[in-house]
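# Descriptive structure summary
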Amino acid sequence: MHPAVLLFGLFFLLMFAGVPIAASLGLAGTLVIAVTGLGIMAVPTNVYAGIAKYPLLAVPMFVLAGAIFDRSGVAARLLRFTTAIIGQGRGSLAVITIVVAMIIGGISGSGPACTAAVGGVMLGAMMRAGYPPGFAAAVTAAAGSTDILIPPSVAFIIYSVLVPSATVPALFAAGILPGILACLALSLPALLLSLRYGFGAQAAKQPKPPFWRSFKEAFWALMAPVLILGGMRTGWFTPTEAAVMAVVYGLVVGFLVYRSLTLKDLYQILVESAETSAVILLVVGLASVFAWASSTLGIVDPIAKGLVRLGGGELGVIMIIMLFLVVVGMFLDGISIFLIFLPLFVPIAQGFNWNLVWFGVLMTYNIAMGQFTPPMAVNLMVSCRLSGASMESTIKWDLWLLLSMFFGLVLIVLYPPLVLWVPEVLGFR
Amino acid sequence: MDQEIQLPEKAAGPKTRIPLKIEEAAAAACIGILALITFANVVVRYLTNISFAFTEEFSVFLMVVMCLVGSSSVMAKGGHLNISYLVEKLPGGPAYVVRLAATLMVCITFLGLVVLGARMAYDEYRYEVTSPGLGLPTWIYTVWLPILSMAIFGRVMGVMIRLLRGGR
């Protein structure tokens with residue numbers, strides 16, 4: 001058996017048997033390295049060196065900032081402000097779910113985690129307001145999957161570590177318009193379907209929160225992205241430093257402005273964010289063993305060449321890659337996909353002279369779509385479990401959301417300025 | 001709309017003989033110190049011209065420790081990303097066997113890291129490898145990979161024991 005087949009076969013076998021993804025990657029890599037005699041000491045070296053990278057420090061710092069913003073009630077104030085703008089009519093809860101996922105998401109860098117966080121609040125609210133569970137689950141899963149496009153996205157940080165020529169600020173800025181596009185692409189069918197079937201009509205009788213008061217309360221939260229992106233724009237901060245400034249800002253707002261945090265909360269926040277980061281970094285560390293094995297076996301080049309030789313030209317290759325990403329996005333999270341498949345795709349992208357920032361955003365958009373494509377979608381599994389809806393009952397609604405997301409994707413592929421305009425204007429290269 | 005948005009309470013984890021608090025506190029300390037060092041770096045750099053850059057080496061080491069220690073407590077709580085969908089579709093008996101086998105695989109992975117990591121640290125000790133930044137012997141960093149992998153291994157064994165005791 002060719003060692004490459006063994007490597008990927010073992011990985012998928014272990015993964016589908018329920019072995020954690022990190023361990024599946026590490027074990028498959030280790031065994032193949034041992035069998036082929038590539039030098040077993042590469043295993044511990046790669047695990048240690050894979051994690052011990054300075055740019056990766058941005059991951060725990062952004063995760064920490066996100067946890068602080070969550071706990072200090074910033075997110076709740078954003079939700080109230082969103083409600084003040086959108087109102088409480090038919091379909092509004094569905095749209096609010098999508099907007100909230102966009103705002104509080106991106107921090108964990110994991111679609112399922114974001115789905116669980118948003119779904120924990122919004123699924124119940126939607127179902128109480130008369131939305132069918134299948135619809136609520138589909139909307140939540142879709143909303144939770146797109147958060148990896150919105151800065152600060154951990155997926156983008158990992159992409160930048162692997163593709164250094166695409167800087168973190170450039171990727172963050174590039175994700176803004178596609179993120180908003182995805183938000184609109186999901187909101188539109190969610191709203192139209194709600195209007196058509198009269199979902200959420202009961203909630204319409206409740207009064208809207210007053211606009212100015214909720215704006216004043218949400219003001220501090222709305223300033224955070226300005227601080228993060230602005231700080232990086234002016235060159236004051238590296239991404240890691242910008243994240244730590246967001247941590248300090250969140251603490252000041254939580255302890256002094258809103259007075260909603262206690263020291264006990266802070267300890268809990270530290271534990272949670274350390275554990276969330278540990279999960280991400282363990283995948284990074286053990287995936288480097290896998291990546292080392294696959295690159296040392298020299299399987300990258302033939303596959304890349306084969307893809308190009310398949311024909312269909314540039315558009316053909318990009319369509320194959322996108323289809324592939326949606327499929328793997330159904331069961332793998334964005335970070336693992338980057339770690340496993342970027343070494344394969346980046347040479348192809350370079351061969352075609354594609355802009356690597358655009359390519360990163362495109363990959364992320366596809367992965368996001370995969371995360372709510374039935375029947376295997378990880379996010380749908382989470383939202384179905386939380387809402388008690390069956391996977392089958394979501395499909396009818398989910399397909400509309402996917403179709404709409406697909407139109408957004410076509411726009412990004414055919415019109416790259418949609419991705420590259422913001423980083424250009426802000427001067428990130 | 002007065003509900004608070006927060007992450008659903010993470011599973012508190014199973015009852016373990018060795019309290020999970022140990023790893024939780026260590027991981028929390030690591031990320032806290034990391035944030036403090038990084039913040040101090042920014043402040044010092046803007047107030048003075050002194051570069052604090054030598055802390056990079058230490059920060060990166062702390063991040064590795066945080067990863068391994070945090071992975072250990074998460075292991076006991078079953079929180080590492082995995083795909084349980086297919087296993088859940090299986091009937092009880094086969095599902096139990098697959099779970100046992102999967103846990104055994106995780107055991108092997110981390111046992112491997114203990115053994116190979118120890119060899120790596122020993123090699124660095126033997127050849128007196130020093131770090132480029134602070135000039136310290138590198139084994140004092142890398143030796144924590146096998147030590148903390150041992151902790152993760154212990155937590156996986158705990159999962160295994162609970163699986164065996166609980167039966168299907």
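Residues numbered from 1 in each chain as written. Chains lettered and ligands numbered in written order. Predicted model: local features only at pLDDT ≥ 70, side-chain atom pairs only at ≥ 80, totals over all residues. Heavy atoms only, no water.

### What about the overall build of chain A?
Our working rule: Numbering goes from the N terminus for both helices and strands, where a helix is a DSSP run of H or I of at least four residues and a strand is a run of E of at least two. Computation of the radius of gyration draws on C-alpha atoms, with the globule rule given as 2.2 Å multiplied by the number of residues to the power 0.38. Exposure classes here rest on a 1.4 Å probe applied to the protein chains alone. A residue is buried below 20% of its type maximum, exposed above 50%, and partly exposed in between. Contacts are assigned to residue pairs that have any heavy atoms within 4.5 Å of one another. Computed by Shrake-Rupley with a 1.4 Å probe, the accessible areas treat only the displayed protein chains as cover when residues are assessed. Residues counted as positive are Lys and Arg, residues counted as negative are Asp and Glu, and His and the chain ends are not counted. For this purpose, a charge sits on NZ of Lys, CZ of Arg, CG of Asp or CD of Glu.
Regarding its fold elements, chain A presents 20 helices and zero strands. Expected size for 429 residues packed as a compact globule is a radius of gyration near 22 Å; at 21 Å, chain A falls within 12% of this value. Its C-alpha atoms give chain A principal-axis dimensions of about 70 × 45 × 40 Å. Split into buried and exposed, the 429 residues of chain A put 65% on the buried side. Summarising the internal contacts of chain A: among those between residues at least 6 apart in sequence, 80% fall at separations of at least 24. When the accessible surface of chain A is summed, it comes to about 15200 Å², and 71% of that surface belongs to carbon and sulfur atoms. Separation of charge centres in chain A, based on 19 positive and 13 negative side chains, amounts to 11 Å.

### Some details on the interface of chain A and chain B
As a reminder, the rule being used: Defined here as a combined quantity, buried area equals the accessible surface (1.4 Å probe) lost by two parts on assembly, summed across both. Salt bridges are defined by distance alone: a side-chain nitrogen of Lys or Arg within 4 Å of a carboxyl oxygen of Asp or Glu.
Contact with chain A, which involves 74 residues of that partner, is made by 64 residues of chain B. Where chain A abuts chain B, roughly 6100 Å² becomes buried across the two surfaces, and 75% of that area is made up of carbon and sulfur atoms. Looking only at chain A, the three residues that lose the most surface to chain B are A:Tyr48, A:Tyr54 and A:Glu275, adding up to 11% of its buried area. On the surface where chain A and chain B come into contact, there are one salt bridge. Taking the shortest distance from any N to any O, the salt bridge between A:Glu275 and B:Lys77 comes out at 2.9 Å. No other element matches helix 13 (residues 263-296) of chain A, which puts 15 residues into the side of chain A that touches chain B.

### Details of the packing of aromatic side chains
Residue and element names in this part refer to chain A. Which entries qualify depends on this criterion: Here a Phe, Tyr or Trp ring, Trp counted by its six-membered ring, pairs with any other such ring whose centre lies within 6.5 Å, and the pair is stacked when the planes are under 30 degrees apart, edge-to-face when over 60, and tilted otherwise. Placement of a charge over a ring requires the Lys NZ or Arg CZ to be within 6 Å of the ring centre, with the centre-to-atom vector within 35 degrees of the ring normal.
Across all of its chains, the model carries 27 aromatic pairs over all chains by this definition. Between the aromatic rings of tyrosine 197 and tryptophan 397, the centroid separation amounts to 5.4 Å while the plane-to-plane angle is 85 degrees, which identifies the pairing as edge-to-face. Here tryptophan 397 lies in helix 19 (residues 391-414) and tyrosine 197 lies in helix 10 (residues 168-197), a separation of 200 residues in the sequence. Feature note: the residues Phe8, Phe11, Phe12, Phe16, Phe290, Phe324, Phe341 and Phe345 constitute an aromatic cluster, connected by ring pairs. Here the basic side chain of arginine 196 rests over the ring of tyrosine 197, its NZ or CZ set 5.0 Å away from the ring centre.

### With respect to the nonpolar core
Here is the rule: The set of buried Ala, Val, Leu, Ile, Met, Phe, Trp, Tyr and Cys residues whose side-chain atoms join them within 4.5 Å is what this entry labels a nonpolar core.
A:Phe11, A:Phe135, A:Tyr159, A:Phe345, A:Trp358, A:Phe359 and B:Phe110 are the most contacted members of the largest nonpolar core, which has 195 residues in total. Per element, the largest residue contribution to this core is 14 residues, and it comes from helix 13 of chain A. Once residues within four sequence positions are removed from consideration, A:Tyr159 is found in contact with A:Ala166, A:Leu171, A:Phe338, A:Leu342, A:Leu356, A:Phe359, A:Gly360 and A:Met363. Core analysis: the second largest hydrophobic core is formed by 10 residues, A:Phe69, A:Leu78, A:Ala224 and A:Tyr249 among them.

### Some thoughts on the side chain of A:Thr146
Residue and element names in this part refer to chain A. Applicable threshold: Between N or O atoms, a polar contact is any pair within 3.5 Å; within protein, one atom must be a potential hydrogen donor and the other a potential acceptor, and residues adjacent in sequence are included only when both atoms are from side chains.
Considering the arrangement of structural elements, one finds threonine 146 in helix 8 (residues 133-146). A polar contact of 2.9 Å, which involves the side chain of threonine 146, links it to the backbone oxygen of alanine 143. In contact with threonine 146, not counting residues within four places along its chain, are Met102, Ala182, Leu186, Ala368 and Met405.

### Quick word on helix 20 (residues 417-426) of chain A
Residues and elements named next belong to chain A. Burial in helix 20 covers these residues: Leu418, Val419, Leu420, Val422 and Pro423. Structurally, helix 20 contributes buried residues whose contacts are with helix 10, helix 17 (356-370) and helix 19. Residue glycine 427 follows helix 20 closely and has a positive phi angle near 80 degrees.

### Digging into the packing of helix 4 (residues 58-71) of chain A against helix 9 (residues 154-162) of chain A
Residues and elements named next belong to chain A. Operational definition: Inter-axis angles, ranging from 0 to 180 degrees, are taken between N-to-C directions of lines fitted to C-alpha atoms, where helices are fitted over the stretch in contact. Angular relationships are summarised with four words: roughly parallel below 35 degrees, roughly antiparallel beyond 145, roughly perpendicular across 65 to 115, and oblique for the angles in between. In the scheme used here, Gly and all other residues not listed as nonpolar or charged are polar, with Ala, Val, Leu, Ile, Met, Phe, Trp, Tyr, Cys and Pro taken as nonpolar and Asp, Glu, Lys and Arg as charged.
Two numbers describe how helix 4 lies on helix 9: the axes approach to 10 Å, and their chain directions differ by 170 degrees. In this view, helix 4 runs roughly antiparallel relative to helix 9, as classed from their interaxial angle. On helix 9, the residues touching Ala58, Val59, Phe62 and Val63 of helix 4 are Val154, Ile157 and Ile158. Looking at the contact of helix 4 with helix 9 residue by residue, the class counts come to seven nonpolar, no polar and no charged.

### A word on the confidence of the model for chain B
Residues and elements named next belong to chain B. Keep this limit in mind: pLDDT expresses, on a scale from 0 to 100, how confident the predictor is about each individual residue.
Summarising the model, chain B shows a mean pLDDT of 86, and 89% of its residues fall at 70 or more. Here residues 1-11 scores under 50 on pLDDT; set against residues more than four positions off or in separate chains, the count is 31 contacts. Predicted as a complex, the structure gets a pTM of 0.86 and an ipTM equal to 0.91.

### Description of the side chain of A:Glu241
Looking at where A:Glu241 falls in the secondary structure, it is placed in helix 12 (residues 239-257). Beyond its immediate stretch of four places on either side in the chain, A:Glu241 contacts A:Trp236, B:Val42 and B:Arg45.

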